[in-house]
Amino acid sequence: MDLEKPDLYRLADDDRRLTLRAGRCAACDALIFPLSPYGCTACGAEPSALTEEPMPGRAQLLTFITIHQRLAPGITPPCVVGEARLANGEIHEIMLAGTGDLYTDDMQLEAVATEITRGDTPLIACRFAPVEA
Ligand SMILES: [Zn+2]
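Before going into details, it helps to say that this report is about the structure given with it. (Residues numbered from 1 in each chain as written. Predicted model: local features only at pLDDT ≥ 70, side-chain atom pairs only at ≥ 80, totals over all residues.)

Across its full length, the protein holds 0 helices and 10 strands. Shown N-terminal to C-terminal, the secondary structure of the protein runs as helices and strands in the order β-β-β-β-β-β-β-β-β-β. Computed over its C-alpha atoms, the radius of gyration of the protein comes to 15 Å, within 12% of the 14 Å expected for a compact globule of 133 residues. Across its three principal axes, the protein shows a C-alpha extent of roughly 40 × 35 × 30 Å. The burial tally for the protein puts 23% of its 133 residues in the buried class. Put simply, 46% of the contacts in the protein that link residues at least 6 apart link residues at least 24 apart. (Helix = DSSP H or I, 4+ residues; strand = E, 2+ residues; numbered from the N terminus. Rg over C-alpha atoms; globule rule 2.2 N^0.38 Å. Buried ≥ 20, exposed ≤ 12 C-beta atoms within 10 Å, placed from the backbone. Contact = placed C-beta atoms within 7 Å.)

Further remarks concern the nonpolar core. Residues Ala59, Ala84 and Phe128 are the most contacted members of the largest nonpolar core, which totals 26 residues. At the level of elements, strand E3 (18-25), strand E5 (50-56), strand E6 (58-67), strand E7 (79-86), strand E8 (91-96), strand E9 (108-118) and strand E10 (121-130) are the ones that each hand at least two residues to this core. When sequence neighbours within four positions are dropped, the list of residues in contact with phenylalanine 128 reads Ala59, Ala84, Ile94, Met95, Leu96, Ala97, Leu109, Glu110 and Ala111. (Core = buried A, V, L, I, M, F, W, Y, C linked by C-beta atoms within 7 Å.)

Another aspect to go through is the pairing of E8. Note that E7 and E8 share 6 bridges and pair antiparallel. In the strand pairing of E8, valine 81 is matched with methionine 95. Two successive antiparallel strands, E7 and E8, enclose a turn made up of 4 residues, where glycine 89 displays a positive phi of approximately 95 degrees. (Pairing = 2+ DSSP bridges.)

With an omega of -5 degrees, the peptide bond between phenylalanine 33 and proline 34 qualifies as cis. For aspartate 15, which is not glycine, the phi torsion reads 65 degrees and is therefore positive. Tracing the backbone through its elements, the reader meets aspartate 15 in the loop between strand E2 (9-11) and E3. Of the residues examined, aspartate 15 has 8 C-beta atoms within 10 Å and is grouped as exposed. A positive phi angle, close to 75 degrees, is found at aspartate 106, a residue other than glycine. Given 9 C-beta atoms within 10 Å, aspartate 106 falls into the exposed group.

Right, let's talk about the environment of cysteine 126 for a bit. Note on placement: cysteine 126 falls in strand E10. Expressed as a C-alpha distance, the spacing of cysteine 126 and glutamate 90, which sit 36 residues apart in the sequence, is 17 Å. In contact with cysteine 126, not counting residues within four places along its chain, are Lys5, Leu8, Tyr9, Leu18 and Ala111.

We now examine the environment of proline 34. Mapped onto the secondary structure, proline 34 falls in the loop between strand E4 (31-32) and E5. A sequence separation of 18 residues divides proline 34 from glutamate 52, and the C-alpha atoms of the two residues are 9.8 Å apart. If we ignore the near neighbours within four places in the chain, the residues touching proline 34 are Asp7, Leu8 and Arg21.

Right, dumping it as structure tokens:
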């Protein structure tokens, strides 16, 4: 099955978790996500200064809301959207798996492979879920 956004993540060895495709900057040592075709988003170094580096899909949930309108094709409401601090410290908007009652602020999350369909095509999307004990 193909990934929905192969430029952002890869399937981890366990076939369940996702590893994020980040880039390490040779000039300032920042780990940036996503890998940018325009170079380092921290110091402005040229794209050639970036080396792809896998980043664990761990995140800390900061806040979240449940959205009941249709946002985009392939996303069936209600869906839960949050802001989370990723492993490199950056804050990103993320999509959460399941329903809002699974979540509390400050919870630890991990990126997991989630099957969606776009048209008739099944794809692996990136959703964040509570870390399994
Ligand atoms: Zn840099």
